[in-house]
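Structural features, examined
Now for the letters of each chain:
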Amino acid sequence: MDIYGKYAPNLPLILNDVLTQIKAINEQHVQAGGAKLYEHLNGRVKTNDSMIEKCQRKQLPVTTESALRKNHDAIGIRIVSNFIDDVYKNVELLKKADWCDVVKEKDYIANAKPNGYRSYHLILMVTTPYEDYDGHRPGKYYVEIQLRTIAMDTWASLEHEMKYKHTVKNAAIISRELKHCADDLASCDVTMQTIRQLINRPD
Amino acid sequence: MRILLAEDEGQLSRVLKMAMTTNNYTVDTAANGQEAVDLAQQNPYDVMIFDIMMPVKDGIEALKELRASGNHTYTIMLTAMAETDDKVNGLDAGADDYITKPFSLKELLARLRSLERRQDNYSQSTYSLGDTTVDTSAQNLSSSNSISLSKNETQLLVFLIANAKKELSTTEILTSNWGQQAQVNAADLWIYICYLRQKLAAVKSSLQIKGAEGGPYQLIETGESNDSTPA
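The structure displayed is predicted, hence computed values, not measured ones.

**A word on the pattern of salt bridges**
Taken as a whole, this structure holds 27 salt bridges over all chains when the rule is applied. For A:Lys36, the salt bridge is made with A:Glu39, and the minimal N-O distance between the two is 2.8 Å. In this structure, the salt-bridge partner of B:Glu7 is B:Lys101, at a minimum N-O distance of 3.3 Å. Taken as a pair, B:Glu7 in the loop between strand E1 (2–6) and helix H1 (10–22) and B:Lys101 in strand E5 (residues 97–101) lie far apart in primary sequence, 94 residues in all.

So this is what it looks like as structure tokens:
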């Protein structure tokens, strides 16, 4: 079965449209004399199997409604920036964009998770030319955006490896070291941002 | 604490060792300056007590030799009451304190207790103010979040916390113990202040450093709590 039902073909199209919109925001910003807002921009549609597994894990019925309405990450985009300031600039510009509404946001940079995870999460409600689950056209779809710095992104990859390996030797020590490393990387991010502000401050 | 006692008078050495041992210190004895140097190079001591007048090598020579080799162990010299020069030479050779002979055991033991208290204070590893904690051994700053600090950032922040609310001029900070040891100038200080400001903000601390480039700088606690935005 396809949990996304007849809406499945729309998802990659929407992903592509949103990526194009984000690129356009960046191009406008650069043309106005700003620095580029991200280094990497990636997106994916959550696979059928992953979405089914997630619904089961969250004890939701395995239905198209669960996939597109109860869960918000069928379409996911990651924006990876050089500096913390750029992350917040991206958030600011996405909030101003007329093609989407921010319906939920979590600032795990200001409020890092206890394990050391840092990232800024947005759930967007995007207006699309396609029919949505409620039968409306233009239709509304959720898109999850994760924004973070390169350092935060690299850390998240490392933490992901740890999480998905079921038997880790000395797991408690590794977790402690990961947290320690997250604090070191945060120190680098904040230090680089401070230096950048010192370089660019008005005379 | 493990103590190295260098004293050539056998009777006095035995009495001192006995007294210190009963007070739960571990004591090794040397009968002359050369033995003291050899023992200090083999074992980790917390305190060294050196008599000055000793055969083979006197206490001052032994201490100079150890200091030159990089040994910084806290050292008390035993000096004769009348000899001011002994005290001066001993301190200049790198001693940290002296006791004049004849001395009472009570005084020596009180000095060792005082030293222990001081070392406890020195090794205090966390300093807190309001919602914010600095862990000096982990070099970490935490409030609702945590972040690593460099050595200089750690020490400067501890200094600012110890002197919270005071308006501190650049000169006052640079001539403090930290400023002297870190060998920083006014421009360095400004950059450390900038780093600390952003790190305090990054962990959502209620502490703030006020002051423009050049100082004076003032660490204050702002009223707002840091838990307004739930994760």
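Read on for the rest.
**As for the interface of chain A and chain B**
Contacts between chain A and chain B engage 19 residues on the former and 17 residues on the latter. The junction of chain A with chain B conceals about 1500 Å² of combined surface from both sides, 48% of it contributed by carbon and sulfur atoms. For the chain A face of the interface with chain B, the top three residues by lost area are A:Asn111, A:Val190 and A:Thr194, together amounting to 29%. At the boundary of chain A with chain B, the tally comes to 1 salt bridge. The residue B:Glu213 makes a salt bridge to A:Arg201 at a minimum N-O spacing of 2.8 Å. On inspection of chain A and its partner chain B, the count reaches 14 residue pairs in polar contact (both at pLDDT 80 or more).

**Things to note about the sheet that holds strand E3 (residues 100–107) of chain A**
All names here are of chain A. Spatially, E1-E2-E5-E4-E3 is the arrangement adopted by the 5 strands of the open sheet, whose pairing is mixed. Looking along the sheet, the strands with just one partner apiece sit at the ends: strand E1 (40–45) and E3. On average, each strand axis in the sheet is inclined to that of its neighbour by 20°, with strand direction left out of account. In this structure, strand E4 (residues 120–128) lies alongside strand E5 (residues 139–149), joined through 9 bridges in antiparallel fashion. Bridged to Thr127 within E5 is Lys140.

**Some points on a positive patch on the surface**
Residues and elements named next belong to chain A. Positive charge collects at one region of the surface, where Lys58, Lys104, Lys106 and Lys113 lie side by side. Here Lys58 is to be found in the loop between helix H2 (48–57) and helix H3 (64–70). Here Lys58 falls in the partly exposed class, since its relative accessible area comes to 44%.

**Some words on the sheet that holds strand E6 (residues 126–129) of chain B**
Strand order in the open sheet formed by 4 strands is E6-E7-E8-E9 (chain B), with antiparallel pairing between adjacent strands. Across the chains shown, the open sheet's two edge strands, defined by having one partner strand only, are E6 and strand E9 (146–148) of chain B. Across the sheet, the mean angle from the axis of one strand to that of its neighbour is 15°, orientation sign disregarded. Summarising the sheet, strand E7 (residues 132–135) of chain B and strand E8 (residues 140–142) of chain B pair through 3 bridges and their orientation is antiparallel. Within the sheet, the bridge partner assigned to B:Asp135 lies in E8(B) and is B:Asn140. Strands E8 and E9 of chain B of the sheet are contacted by helix H6 (residues 171–200) of chain A, whose axis makes an angle of about 75° with E9(B).

**Quick word on helix H3 (residues 59–68) of chain B**
Spacing of three or four residues puts side chains on the same side of an α-helix, whose turn is 3.6 residues. Residue and element names in this part refer to chain B. All buried positions along H3 are accounted for by Gly59, Ile60, Ala62, Leu63, Leu66 and Arg67. All buried residues of H3 project into a common sector of 160° when viewed along the axis, lining one side. Each element contacted by the buried residues of H3 is listed here: helix H2 (33–42), strand E3 (47–51), strand E4 (74–80) and helix H4 (84–92). Its side-chain oxygen at 3.0 Å from the backbone nitrogen of Ile60, Asp58 defines the N-terminal cap of H3.

**Examining the packing of aromatic side chains**
Overall, the coordinates contain 6 aromatic pairs over all chains when judged by the stated rule. Between the aromatic rings of A:Tyr108 and A:Tyr117, the centroid separation amounts to 6.1 Å while the plane-to-plane angle is 65°, which identifies the pairing as edge-to-face. Judged by relative accessible area, which is 11%, A:Tyr117 ranks as buried. Measuring from centroid to centroid gives 6.4 Å for B:Trp190 and B:Tyr217, while their planes differ by 15°, and the two rings are stacked. Of this pair, B:Trp190 sits in helix H9 (residues 186–202) while B:Tyr217 sits in the loop between strand E10 (207–210) and strand E11 (218–221), placing them 27 residues apart in sequence. For the pair formed by B:Trp190 and B:Tyr217, the shared burial category is buried. Among the aromatic residues, those joined into a ring-pair cluster are B:Trp178, B:Tyr192 and B:Tyr195. Between A:Lys113 and the ring centre of A:Tyr108, over which it is positioned, the NZ or CZ distance is 4.7 Å.

**Details of the side chain of B:Ser13**
Residue placement: B:Ser13 occurs in helix H1. Once residues lying within four places of it in the same chain are set aside, the contact partners of B:Ser13 are B:Leu5, B:Glu7 and B:Thr29.

**Looking at the domain arrangement of chain B**
As a measure of interface size, the accessible area lost when the parts come together is often cited. On domain assignment, one finds that chain B holds domain 1 (2–121) and domain 2 (126–221). Here the C-alpha centre of domain 2 of chain B lies 38 Å away from the C-alpha centre of domain 1 of chain B.

**Considerations on the pairing of E7(B)**
Residues and elements named next belong to chain B. In E7, alternate side chains face the same way, and those of Thr132 and Val134 are buried while those of Thr133 and Asp135 on the opposite face are not. Taken together, the 4 bridges between E6 and E7 define a ladder with antiparallel strand orientation. Of the residues in E7, the one forming a bridge with Leu129 is Thr132. Taken together, E6 and the strand that follows it, E7, pair antiparallel across an intervening segment of 2 residues, in which Gly130 is found at a positive phi of about 60°. From the end of E7 to the start of E8, which pair antiparallel, there are 4 residues, and Gln139 there has a positive phi angle of about 50°.

Rules and cut-offs
- Residues numbered from 1 in each chain as written.
- Chains lettered and ligands numbered in written order.
- Predicted model: local features only at pLDDT ≥ 70, side-chain atom pairs only at ≥ 80, totals over all residues.
- Heavy atoms only, no water.
- Salt bridge = Lys/Arg side-chain N within 4 Å of Asp/Glu carboxyl O.
- Helix = DSSP H or I, 4+ residues; strand = E, 2+ residues; numbered from the N terminus.
- Contact = heavy atoms within 4.5 Å.
- Buried area = accessible area lost by both parts, 1.4 Å probe.
- Polar contact = N/O pair within 3.5 Å; in protein donor to acceptor, adjacent residues only side chain to side chain.
- Pairing = 2+ DSSP bridges.
- Axes fitted to C-alpha atoms, helices over the stretch in contact; angles between N-to-C directions.
- Patch = residues over 30% accessible without salt bridge, like charges linked within 9 Å, V, L, I, M, F, W, Y side chains within 5 Å.
- Areas by Shrake-Rupley, 256 points an atom, 1.4 Å probe, with all protein chains shown as cover.
- Lys, Arg positive; Asp, Glu negative; His and termini not counted.
- Charge placed at Lys NZ, Arg CZ, Asp CG, Glu CD.
- Buried < 20%, exposed > 50% of the residue type's maximum accessible area, 1.4 Å probe, protein only.
- Arc of directions from axis to C-beta.
- Phe/Tyr/Trp six-rings, centres within 6.5 Å; stacked < 30°, edge-to-face > 60°.
- Lys NZ or Arg CZ within 6 Å of the ring centre and 35° of its normal.
- Domains from an automatic or database assignment.

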